[in-house]
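Below, each chain spelled out in residue letters.
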Amino acid sequence: MTTPLLSVRNLEISFRSGGQDIPVVRDLSFDLSSGEILGIVGESGCGKSITALSLIGLVPSPPGRISGGQILFQGEDLVQASQARLNAVRGNDISMVFQEPMTSLNPVFSIGEQIAETARAHFGLTRAKAWARAVEMLALVGIPSPAKRAHDYPHQLSGGMRQRVMIAIALVCEPKILIADEPTTALDVTVQAQIFDLFQELQQKIDAAIILITHDIGVVAQMTDRVMVMYAGRKIEEGPVTEFLGDPRHPYTRGLISCIPRLSLPPQDHPAPLFEIPGVVPAPKDLGRPGCAFAPRCAGVQPRCHTETPALSTRAPGRAVACWLETEDAL
Amino acid sequence: MTAPVLEVENLKVHFPLPGGEAVHAVDGLSFSLPAGLAFGLVGESGSGKTTAAMACARLTEITSGQIRLSGRDITALQGTALKDARRDVQVVFQDPYASLNPRERAGAIVRRPLDLLKIGTPAQRDARVDELFALVGLRPDQKALFPHQFSGGQRQRIGIARALATGPKLLVCDEPVSALDVAIQAQILNLLARLKADLGLSFLFISHDLAVVQHLCDRIAVMYLGKIVEIASRRDLFTTPMHPYTHALISAVPSPHTAASRIRLQGDPPSPINPPKGCRFAGRCAHAQDICHRVMPTLIANDTDHAVACHRAHDPVVAAARTVLPRSAQSA
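Residues numbered from 1 in each chain as written. Chains lettered and ligands numbered in written order. Predicted model: local features only at pLDDT ≥ 70, side-chain atom pairs only at ≥ 80, totals over all residues.

An unreviewed UniProt entry lists chain B under the name ATP-binding cassette domain-containing protein, with Pseudooceanicola spongiae given as the organism. Heading Subcellular location (unreviewed entry) of the UniProt record for chain B holds this comment: "Cell inner membrane". As stated in UniProt under Sequence similarities (unreviewed entry), the record for chain B gives "Belongs to the ABC transporter superfamily." (UniProt positions renumbered as here; feature names shortened; annotations may be inferred.)

Going by the annotation in an unreviewed UniProt entry, the name recorded for chain A is ATP-binding cassette domain-containing protein, with Pseudooceanicola spongiae given as the source organism. Word for word, the UniProt comment on chain A under Sequence similarities (unreviewed entry) is "Belongs to the ABC transporter superfamily." Turning to chain A, the UniProt record has this under Subcellular location (unreviewed entry): "Cell inner membrane".

Here it is in structure tokens:
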């Protein structure tokens, strides 16, 4: 196996609050290879989005900071990199599509200008060439009559079209890694399907790796190769998507998969009540004590779960889970 | 069978624009909701589903048409008569963060409809609030807390308790779980299902999420650009969708089963300001013919109460294209 494109090692991200550093992501390690689609799932507040932001040096600082670990992009540690170096990496090698296409675009510039700006910043193209490149990108993401629409402002476009523009901006430099944070939650289901088709086409065309952050298990099933489940700032399970869906090991993963109503064809006549994960995600400040963070919500909780934090144990290459029940199983 | 709790006839809600034009948000909607059932209204954003629901609760001005609640015409009610009718129809809103008064304690929020509609004595109202808190799974001591002290799921429970306070016959739920976290959605959906079974409530349930609608609703209407294109029972809609748009919508839901047979819709819906005069879906429909662009199809029900508004619904070619979906899902 070659060295991974991206290798995150023991990453810790903290936020300063009330005179204390509160870690929101702890001891997080994962790898990403070219052409791979990695899904990150978990409820809000599990650290998914802040992990994504950290990869492109966008942890809001202060109050946040990367308080430990390494982010190795092609062997280079981005945690130690200068702002200038990060500016070069951002957009060029690693780029991001944000959740809200309604608010992520600048309302006072035409969409053509916003795409061209990125091209000029990274490639030093002339205005004319950058504009031509912008039109080309709009065509690539499937916007009809791109030469004409490039002059449009964000408010003239529908949600799906705006998200395509965001993707065009993210892809204009042909990044090696595309991070998509809930890229379709604001969109309708038929538009979502179009955007995902586009992701898959683009991934094949430029062999980019994609990190897809989502809470939609259907999206995970359809789009990803590998899945990482996060809870309260830690990775608690990881594995190929087929095993994630077919043989989830962590009680939280099982809960996440079965608590969501899934479209069944043909439909059941009397759908059974949904599985409920009781309670809510704990606040980061409540996580100082030892023990598994999921223990208060877990149906299979053991005395040990409250006193010792389970480590991530590898069951097979690329397959790991952090749960005492699993460790005892394996013994 | 008992009388329908809600009957909607040719409902139109147009929002006038400067210059004499209007947004045709809801444009000729007719359906009836039998008592004790959950009726789902699905569609994409801009299809008019929320406007339709708000019109049914008399929360938006109605341009034309008629709304009957348990047989009584409420379309033009005003003043005390309207207040009186509101006892029977209450709303659970989408955003539990925006729909609760931040300065009011939870107990007072739930009690408010009883105060406004002057139901019961003050002591009876207090007792009713206690009952409602228990019903939706909140602790009595939480009555004294303010909305910001609750999680999203708990806030939606408060919203549901408030809607149930007057003992309504019909509960209008406008995307009640779409603002909630995944694990919390299950808690609220289970609560709604339990209320439906225990209290015999009827639901008008608005959602863009087909899986949620399939889970909770007995009958489902699919809306597209202000019109209903198909109404059917849950089983019929998901096993034999008759309208090409319904079929596309079902196949667009991401799942390992539907990926292969996905219908790729091109483009966006047309503008509701000057909607096309023929079928509103014709511009994106793979089966559209000349007639579809010229003549608006009407909603026609078959003998199993499965209604569809499509000129080509019974065309063998179109019917053959439709069957792809259930078959591939069963074999997977």
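**Some words on the overall build of chain B**
Along its length, chain B carries 12 helices and 12 strands. The C-alpha radius of gyration computed for chain B amounts to 21 Å, which stays within 12% of the reference 20 Å derived for 332 residues, consistent with globular compactness. Here the C-alpha coordinates of chain B stretch approximately 65 × 50 × 40 Å along the principal axes. Taking all 332 residues of chain B together, 49% fall into the buried category. (Helix = DSSP H or I, 4+ residues; strand = E, 2+ residues; numbered from the N terminus. Rg over C-alpha atoms; globule rule 2.2 N^0.38 Å. Buried ≥ 20, exposed ≤ 12 C-beta atoms within 10 Å, placed from the backbone.)

**Digging into the overall build of chain A**
Helix and strand counts for chain A come out as 12 helices and 12 strands. For 331 residues, the compact-globule estimate of 2.2 N^0.38 gives 20 Å, and the C-alpha radius of gyration of chain A, at 21 Å, lies within 12% of that figure. In terms of overall dimensions, chain A has C-alpha extents of about 65 × 55 × 45 Å along its principal axes. Out of the 331 residues belonging to chain A, those deemed buried represent 47%. Put simply, 63% of the contacts in chain A that link residues at least 6 apart link residues at least 24 apart. (Contact = placed C-beta atoms within 7 Å.)

**Regarding the domain arrangement of chain B**
Residues and elements named next belong to chain B. Examined at the domain level, chain B breaks down into domain 1 (4-222) and domain 2 (242-331). Across the boundary between the two partners, domain 1 contributes 10 residues, which contact 10 residues of domain 2. Residue contributions to the side of domain 1 that touches domain 2 peak at 4 residues, all from strand E2 (residues 22-34). Split by residue class, the side of domain 1 that touches domain 2 holds 6 nonpolar, 2 polar and 2 charged. (Domains from an automatic or database assignment. Nonpolar A, V, L, I, M, F, W, Y, C, P; charged D, E, K, R; others polar.)

**What about the pairing of strand E3 (residues 37-41) of chain A?**
All names here are of chain A. Burial of E3 is extensive: 5 of the 5 residues sit out of reach of the surface. Side chains Ile 37, Gly 39 and Val 41 of E3 all project onto a buried face; the interleaved residues Leu 38 and Ile 40 project onto the opposite face, where all are buried too. Here 4 bridges tie E3 to strand E8 (residues 209-213), and the two strands are oriented parallel to one another. The partner of Gly 39 across the bridge, within E8, is Leu 212. (Pairing = 2+ DSSP bridges.)

**Section: the UniProt feature "domain: ABC transporter" (unreviewed entry) in chain B**
The positions that UniProt labels "domain: ABC transporter" (unreviewed entry) are, in the present scheme, residues 6-250 of chain B. Across residues 6-250 of chain B, helical content stands at 38% and strand content at 27%; the span's end C-alpha atoms are separated by 27 Å.

**Considerations on the nonpolar core**
Residue and element names in this part refer to chain B. Grouped together as the largest cluster of nonpolar side chains are 198 residues, with contacts concentrated most on Leu 204 and Phe 205. Counting residues domain by domain, this core receives three or more from each of domain 1 (4-222) and domain 2 (242-331). Ignoring sequence-local partners within four residues, the contact set of Leu 204 consists of Leu 6, Leu 33, Phe 39, Leu 41, Ala 53, Cys 56, Leu 170 and Val 172. (Core = buried A, V, L, I, M, F, W, Y, C linked by C-beta atoms within 7 Å.)

**Overview of helix H1 (residues 49-56) of chain B**
Residues and elements named next belong to chain B. Of all 8 residues that make up H1, 8 are buried, and the element is covered over most of its length. Listing the buried residues of H1 in full gives Lys 49, Thr 50, Thr 51, Ala 52, Ala 53, Met 54, Ala 55 and Cys 56. At the exit of H1 stands Arg 58, carrying a positive phi of roughly 55°.

**Description of the interface of chain B and chain A**
Of the residues lining the interface, 37 residues belong to chain B; the matching set on chain A comes to 34 residues. Counting residues per element, the ones that place at least two in the side of chain B that touches chain A are helix H6 (182-199), helix H7 (210-216), helix H8 (234-239), helix H9 (244-252) and helix H12 (324-331) of chain B. Residues belonging to the side of chain B that touches chain A are distributed by class as follows: 20 nonpolar, 10 polar and 7 charged.

**Some thoughts on the sheet that holds E2 of chain B**
All names here are of chain B. The sheet built from 4 strands is open, its strands ordered E2-E1-E4-E5 with antiparallel pairing. The sheet is open, and its two edges are formed by E2 and strand E5 (72-73), each paired on a single side. Each of strand E1 (4-16), E2 and strand E4 (64-69) touches H1; the most contacted strand, E1, lies at about 120° to it. (Axes fitted to C-alpha atoms, helices over the stretch in contact; angles between N-to-C directions.)

**Here we look at the sheet that holds strand E10 (residues 234-240) of chain A**
Residue and element names in this part refer to chain A. On the basis of which strands lie adjacent, the open sheet formed by 8 strands has the order E6-E7-E8-E3-E9-E10-E12-E11 and mixed pairing. Lying at the two open borders of the sheet, with one neighbouring strand each, are strand E6 (94-97) and strand E11 (313-316). Going across the sheet, the axis of each strand differs from the next one's by a mean of 25°, ignoring polarity. Against the sheet, helix H10 (residues 251-258) contacts E3, strand E9 (226-231) and E10, and its axis sits at roughly 105° relative to E9.

**Focus: the environment of His 14 of chain B**
Residue and element names in this part refer to chain B. If you trace the backbone, His 14 turns up in strand E1. Placed 69 residues apart in sequence, His 14 and Lys 83 show a C-alpha to C-alpha distance of 24 Å. Beyond its immediate sequence surroundings of up to four residues, His 14 is in contact with Ala 22, Val 23, His 24, Ala 25 and Thr 63.

**Side note on helix H3 (residues 111-123) of chain A**
Residues and elements named next belong to chain A. Taking 1.5 Å per residue as the helical rise, H3 with its 13 residues ought to reach 18 Å, and the 18 Å between its terminal C-alpha atoms agrees with that figure. Within H3, the full set of buried residues consists of Ile 111, Gly 112, Gln 114, Ile 115, Ala 116, Thr 118 and Ala 119. On its buried face, H3 is in contact with helix H4 (127-140) and helix H6 (159-171). Where H3 terminates, the next one or two residues include Gly 124, which has phi positive at roughly 60°. (Expected span 1.5 Å × (residues − 1).)

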